[in-house]
Amino acid sequence: MRVIGMIDQIRMRRDRRNLLALLAPGMLWLLAFFALPLVIILLYSILTNGPRGAIVWQPTLENYRTLFTQTIYVNAYLRSIRISLETTLICLLLGYPLALFIVRQPAHWRTLLIFLVLIPFWTNFLVRIYAWQIILANNGLINGGLTALGLTPLALLNTEGATLLGLVYGELPFMVLPLYAALARFDFTQLEAAADLGANRWQAFWRVMVPQTMPGIVAGSVLVFIPTLGQFVVAELLGGAKVDYLGNLIQRLFLRSNPINWPLGSALAVIMMVILLALIFWYFRVTREDER
Amino acid sequence: MSDTPAIELHDVVKQFGATYAVDHVSLQVGDGEFFSLLGPSGCGKTTTLRMIAGFEYPSHGEVLIHGRAMAATPPHRRPVNTVFQSYALFPHMSVAQNVAFGLQMKGVPKHELGPRVQAALEMVRLDGFDQRRPREMSGGQQQRVALARALVNQPEVLLLDEPLGALDQKLRKEMQFELKRLQHRVGITFIFVTHDQEEALTMSDRIAVMNQGKVLQVGSPTEIYERPTCRFVADFIGETNFIEGQVVAHDGGYATIQSHDGLELRGVTPRPVSVGAHATLSLRPEKARLLTPDQAQSVQETFRLAVKVELVSYIGSDTRITVRLNAQRTLDVWEQNTRSTLDRNAYWQPGEDAVLVCPPENALVLVE
Ligand SMILES: Nc1ncnc2c1ncn2[C@@H]1O[C@H](COP(=O)(O)OP(=O)(O)O)[C@@H](O)[C@H]1O
Ligand SMILES: [Mg+2]
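Throughout, a residue's number is its position along its own chain's written sequence, starting from 1. Ligands are numbered from 1 and chains lettered from A, in the order in which they are written. Under the rules for a predicted model, residues below a pLDDT of 70 receive no local features and side-chain atom pairs below 80 are neither given nor counted, while totals for whole chains, interfaces and linings still include all residues. Only hydrogens and water are removed before side-chain values are computed, so all heavy atoms of the structure are retained for them.

Here is the rule: UniProt positions are given in the numbering used here, feature names are shortened, and annotations may be inferred rather than shown by experiment.
If you check an unreviewed UniProt entry, chain B appears there as Spermidine/putrescine import ATP-binding protein PotA from Candidatus Viridilinea halotolerans. Recorded in UniProt for chain B, the comment headed Subunit (unreviewed entry) runs: "The complex is composed of two ATP-binding proteins (PotA), two transmembrane proteins (PotB and PotC) and a solute-binding protein (PotD)." According to the UniProt record, the Catalytic activity (unreviewed entry) comment for chain B reads "ATP + H2O + polyamine-[polyamine-binding protein]Side 1 = ADP + phosphate + polyamineSide 2 + [polyamine-binding protein]Side 1."

What follows is the structure, given as structure tokens:
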């Protein structure tokens, strides 16, 4: 007993040392690439922007005041939140039936279909958005077809519709995958049980299937909403950069505005982060509740 | 109760591709009856039940519930409820919400829900469990929730698909008793699917024995056990010795067959036979008696087969004896241990000579 206890102790001590050794690189990595930039951004967001974009070490809340009072920023927020919500909703409306369809297929078809959902990831996102440009352009594939049929071409590219299309296109797999996972766990006998108890298809769907796949719905929505909120490529390449979204503003303030304004850009990023953290917090609350 | 059968199946067929899951089945289940569908796994019991519930539609034939044709009625409009094999309780709802679900779908006013749910839970002895989640309950309790969830709707017919299959032996026995008690109390027609012949015999008013999509025999437990009409039923229900041969004579409900090894045996014929037909004699091990050659002298019974005791298993209530008839054939005989004794001579010993006797009314001659 004693010998075994000693061995255990030695092993535990060694384990702890090994654990530290194992964790150290990861923790350093997190510190360097996650915590540090975060601290810098938080710090910058309360500093003053000097002439020609230099940073003046003078604490201020002016950046935040600007963001909450100047309509250009407030509007960008609202616009970003609105288009992100629209993207999420459309992805959900398209993704749920799609995931449901895939889950109901025989096993070998299922694997193939999920594989097809993932295929776009094999090509760079920018390249795929350029491909959409070609499809939507004034002399692009669709309008080429319309003209050939003798119809008037449509203004497709550089519209908000095109932005929305690009966003939905890019994010749909992130909606489908968690929904698929949730639906694969769903016991479809439950629908028969509901029907047996007098529920029509609609009632069975809302009262039995939706609540039980809620973790997938929430996960998919969060996974779509978060990247969409900071997206700037699609709005620029398909939307024609006609209006500002959050991502475009941040990008501009950091790189292209004259003068560049890192403190204001940082404050913008901080606010976005707060919105997202609140969302993620809510997400964990919902999913944990379900596991109980 | 009315004279119209609760359930009627008219020549019902269900095909899945080339498989006949249900093959020309006709049945009538009376109002208030405890009716069992009994048969080996894959024989079409579940499919039959699902056609009554409306989850499957017959490829051919008709399902009627209290005289009403169900061809165009979806499951949620049928006056039946199902207890699923897996229970299929809603995991995201409490026990009370599960039980209330059917009433809510029917639009029962809110203030009536509470008392009716309570009454249903009391009926299955689960009062006090209403706020639990299904996964926080044992298998037996979940099974009761499933029962309450179905019965609270006061269906015309309750369909149960191997509801006791997942329970352990002791709980199974308890639930068999519970189910009978419940059925007696609510007076609802039960259609009970099981592959367990003992369960079917204990619980049912009538049993339909199925195999390969066909109903082979419908009858009371006694009829099914004592007068099986075919070899499959005799074999599936209980245990029996089979001796194959040809019919050599028949008269007044009895027939004599001659076996390939030259035995002439007589038994009851549940179905008409003709001379020359291939037939099987079924002899249940508890219906035969084993006597010493001396005792056998004075007994007037048609069967008299000289045998040698080969194997003796004492199992408490019974002694199960395997006797050898000839080089090719052994038979099983069960003797009830009606006398309490430690005397070894009171029991058969391997190697002893004996005579197997059986009156012809205890044996059956079956033709396919
Ligand atoms: N949905 C289905 N598709 C194809 N074959 C099925 C389906 N349901 C049942 N079967 C087949 O029908 C036969 C009867 O099945 P089932 O009614 O489940 O039998 P049981 O309940 O008596 O075990 C089986 O051979 C089964 O494989
Ligand atoms: Mg079955």
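Don't stop here, the text continues.
Re the overall build of chain B
Rules: Here a strand is any run of E in DSSP of at least two residues, a helix any run of H or I of at least four, and the numbering for each starts at the N terminus. Any residue under 20% of the maximum accessible area for its type is buried, any over 50% is exposed, and the rest in between are partly exposed; the area is computed with a 1.4 Å probe on protein chains only. Working rule for contacts: check all heavy atoms of both residues, and any pair within 4.5 Å makes them a contact. Areas reported here follow the Shrake-Rupley algorithm with a probe of radius 1.4 Å; residue values treat only the protein chains shown as occluding. The charged-residue count follows a simple rule in which Lys and Arg add positive charge and Asp and Glu add negative charge, with His and chain termini not counted at all. Charge placement uses NZ in Lys and CZ in Arg. For Asp and Glu, CG and CD serve respectively.
Tallying secondary structure elements over chain B gives nine helices and 20 strands in all. Each of the three principal axes of chain B carries a C-alpha extent, and together these read 80 × 50 × 35 Å. A burial count over chain B gives 52% of its 368 residues as buried. For chain B, the share of sequence-separated contacts (at least 6 apart) that also reach a separation of at least 24 residues comes to 65%. Within the structure as shown, chain B displays about 16700 Å² of accessible surface, and the carbon and sulfur contribution to it stands at 48%. Taking the 37 positively charged and 43 negatively charged side chains of chain B as two groups, their mean positions are separated by 6 Å.

Thoughts on the pattern of salt bridges
All names here are of chain B. Formally: Salt bridge, as used here, is a side-chain nitrogen of Lys or Arg placed within 4 Å of a carboxyl oxygen of Asp or Glu.
Per the counting criterion, the structure on display carries 27 salt bridges over all chains. Among the ionic pairs, arginine 50 bridges to glutamate 56, the shortest N-O distance being 3.3 Å. Among the residues examined, glutamate 56 registers a relative accessible area of 17% and is labelled buried. The partner of aspartate 261 in a salt bridge is arginine 329, with the nearest N and O atoms 2.9 Å apart.

With respect to the confidence of the model for chain A
Threshold: Per-residue confidence from the prediction method is given by pLDDT, with values spanning 0 to 100.
Within chain A, residue pLDDT values average 88, and 93% of them lie at 70 or more. Looking across chain A, the model is least confident in helix H1 (residues 2–44) of chain A, with a mean pLDDT of 76, and most confident in helix H8 (residues 189–196) of chain A, with 97.

What to know about the site of ligand 1
Residue and element names in this part refer to chain B. To keep it simple, the criterion reads: The cutoff for a nearby residue is simple: one of its non-hydrogen atoms must lie within 4 Å of the molecule or strand. Polar contact is the term for a pair of N or O atoms within 3.5 Å; when the atoms are in protein, one must be able to donate a hydrogen and the other to accept it, and sequence-neighboring residues count only if both atoms are side-chain atoms. Each residue is assigned to one class: nonpolar for Ala, Val, Leu, Ile, Met, Phe, Trp, Tyr, Cys and Pro, charged for Asp, Glu, Lys and Arg, and polar for all the others, Gly among them.
Ligand 1 sits among Phe16, Ala21, Pro40, Ser41, Gly42, Cys43, Gly44, Lys45, Thr46 and Thr47. Here cysteine 43 contributes a backbone N or O atom positioned 3.2 Å from an oxygen atom of ligand 1. Here threonine 46 contributes a side-chain N or O atom positioned 2.5 Å from an oxygen atom of ligand 1. Top element by residues in the shell around ligand 1 is helix H1 (residues 45–53). It accounts for three residues. Considered class by class, the residues forming the shell around ligand 1 number four nonpolar, five polar and one charged.

Quick notes on the packing of helix H3 (residues 71–103) of chain A against helix H4 (residues 107–118) of chain A
Between two packed helices, what matters for the description is the angle formed by their axes and the separation of those axes. Residues and elements named next belong to chain A. The following threshold applies: Only the contacting stretch of a helix is used when fitting its axis, a line to C-alpha atoms as for every element, and angles between N-to-C directions run 0 to 180 degrees. Put simply, angles under 35 degrees are roughly parallel, angles over 145 are roughly antiparallel, angles from 65 to 115 are roughly perpendicular, and the rest are oblique.
Viewed as axis vectors pointing N to C, H3 and H4 meet at an angle of 150°, and their least axial separation amounts to 8 Å. Between H3 and H4, the angle is such that the two are roughly antiparallel. Here H3 contributes Phe101, Ile102 and Val103 to the contact with H4, which in turn contributes Arg110, Leu113, Ile114 and Val117. Looking at the contact of H3 with H4, its residues break down into six nonpolar, no polar and one charged.

Points about empty space enclosed by the protein
Residue and element names in this part refer to chain A. The criterion, for reference: Method remark: on a 1 Å grid restricted to protein atoms, a set of points is classed as a cavity if a 1.4 Å probe fits but cannot get out and as a pocket if it is open with protein on both sides within 12 Å along at least five of seven lines; lining residues have an atom within 4 Å of a point. Grid points are joined across faces, edges and corners, and a volume is the space filled by probe spheres set on the points.
What the rule picks out here adds up to three cavities of 30 Å³ or more. For the largest cavity, the calculated volume is near 50 Å³. Lining of the largest cavity is provided by Ser80, Ile83, Ser84, Thr163, Leu167, Thr228, Leu229, Gln231, Ala235 and Tyr245. For the lining of the largest cavity, the secondary-structure elements that each account for two or more residues are H3, helix H7 (160–185) and helix H10 (214–230). The element best represented in the lining of the largest cavity is H3, accounting for three residues. Volume-wise, the second largest cavity comes out at about 40 Å³. Considering only residue class, the lining of the second largest cavity consists of three nonpolar, three polar and four charged.

Details of the side chain of B:Thr256
Residues and elements named next belong to chain B. Position of threonine 256 among the secondary structure elements: in strand S12 (residues 254–259). Note on threonine 256: relative accessible area 12%, which makes it buried. Ignoring any residue separated from it by four or fewer positions in sequence, one finds threonine 256 in contact with Gln246, Val247, Val248, Ala249, Glu264, Leu265 and Arg266.

Focus: the sheet that holds strand S16 (residues 303–314) of chain B
Residues and elements named next belong to chain B. Using the following cut-off: Any two strands are treated as partners once DSSP identifies two or more bridges connecting them.
If you trace the five strands from one edge of the open sheet to the other, you get S15-S19-S16-S17-S18, paired in antiparallel fashion. Each edge of the open sheet carries a strand with a single partner, namely strand S15 (289–291) and strand S18 (329–336). Strand-to-strand twist across the sheet, computed as the mean angle between neighbouring axes with direction ignored, equals 45°. Judged from the three bridges that link them, S15 and strand S19 (residues 353–358) form a sheet pairing that is antiparallel. In the sheet register, leucine 290 faces S19, and the bridge partner there is leucine 356.

Side note on the interface of chain A and chain B
Stated formally: Using a 1.4 Å probe, buried area is obtained as the accessible area two parts lose upon being combined, added over both of them.
The interface of chain A with chain B comprises 19 residues on the first partner and 23 residues on the second. Interface area for chain A against chain B, summed over the two sides, is near 1800 Å², with a carbon-plus-sulfur share of 57%. Broken down residue by residue, the surface that chain A buries against chain B is led by A:Asp196, A:Leu197 and A:Arg207, which jointly contribute 39%. In this structure, the connection of chain A to chain B is made through one salt bridge. Between A:Glu192 and B:Arg50 there is a salt bridge whose closest N-O contact spans 2.8 Å.

Overview of the domain arrangement of chain B
To keep it simple, the criterion reads: Domain limits in this description derive from either an automatic procedure or a database domain assignment.
Taken as a whole, chain B is organised into domain 1 (7–226) and domain 2 (240–368). Distance from the C-alpha centre of domain 1 of chain B to the C-alpha centre of domain 2 of chain B: 40 Å.

Looking at the packing of aromatic side chains
Note the cut-off: Each Phe, Tyr or Trp ring (for Trp, its six-membered ring) is paired with any other whose centre lies within 6.5 Å, and the angle between the two planes then decides the class: stacked below 30 degrees, edge-to-face above 60, tilted in between. Only when the NZ atom of a Lys or the CZ atom of an Arg is both within 6 Å of the ring centre and within 35 degrees of the ring normal do we say a charge sits over the ring.
Counted by the stated rule, this structure contains 17 aromatic pairs over all chains. On the basis of an interplanar angle of 90° and a centroid distance of 5.6 Å, the ring pair of A:Tyr96 and A:Phe205 is categorised as edge-to-face. Of this pair, A:Tyr96 sits in helix H3 while A:Phe205 sits in helix H9 (residues 201–212), placing them 109 residues apart in sequence. Judged by relative accessible area, which is 24%, A:Phe205 ranks as partly exposed. Between B:Phe232 and B:Phe236 the ring centres are 5.6 Å apart and the planes differ by 10°, which places this aromatic pair in the stacked class. Residue B:Phe232 and its partner B:Phe236 are located together in helix H8 (residues 231–236), separated by four residues, close to a single helical turn. Ring pairs connect the aromatic residues A:Tyr96, A:Trp202, A:Phe205 and A:Trp206, which therefore count as one cluster. Sitting over the face of the ring of B:Tyr225, B:Arg284 holds its NZ or CZ atom 3.9 Å from the ring centroid.

Thoughts on helix H5 (residues 169–186) of chain B
All names here are of chain B. Rules: The length a helix should cover is 1.5 Å for every residue beyond the first.
In this model, H5 (18 residues) spans 26 Å end to end at C-alpha, consistent with the 26 Å of a helix rising 1.5 Å per residue. Three or more residues of H5 are buried, namely Arg172, Met175, Gln176, Glu178, Leu179, Leu182 and Gln183. Each element contacted by the buried residues of H5 is listed here: strand S3 (34–38), helix H3 (110–123), helix H4 (139–151), strand S7 (157–161), strand S8 (189–194) and helix H6 (197–203). Directly after H5, the chain includes glycine 187, whose backbone phi takes a positive value near 65°.

Topic: the UniProt feature "domain: ABC transporter" (unreviewed entry) in chain B
Mapped onto this numbering, the UniProt entry gives "domain: ABC transporter" (unreviewed entry) at residues 7–237 of chain B. A helix fraction of 37% and a strand fraction of 26% characterise residues 7–237 of chain B, whose end C-alpha atoms lie 25 Å from each other.

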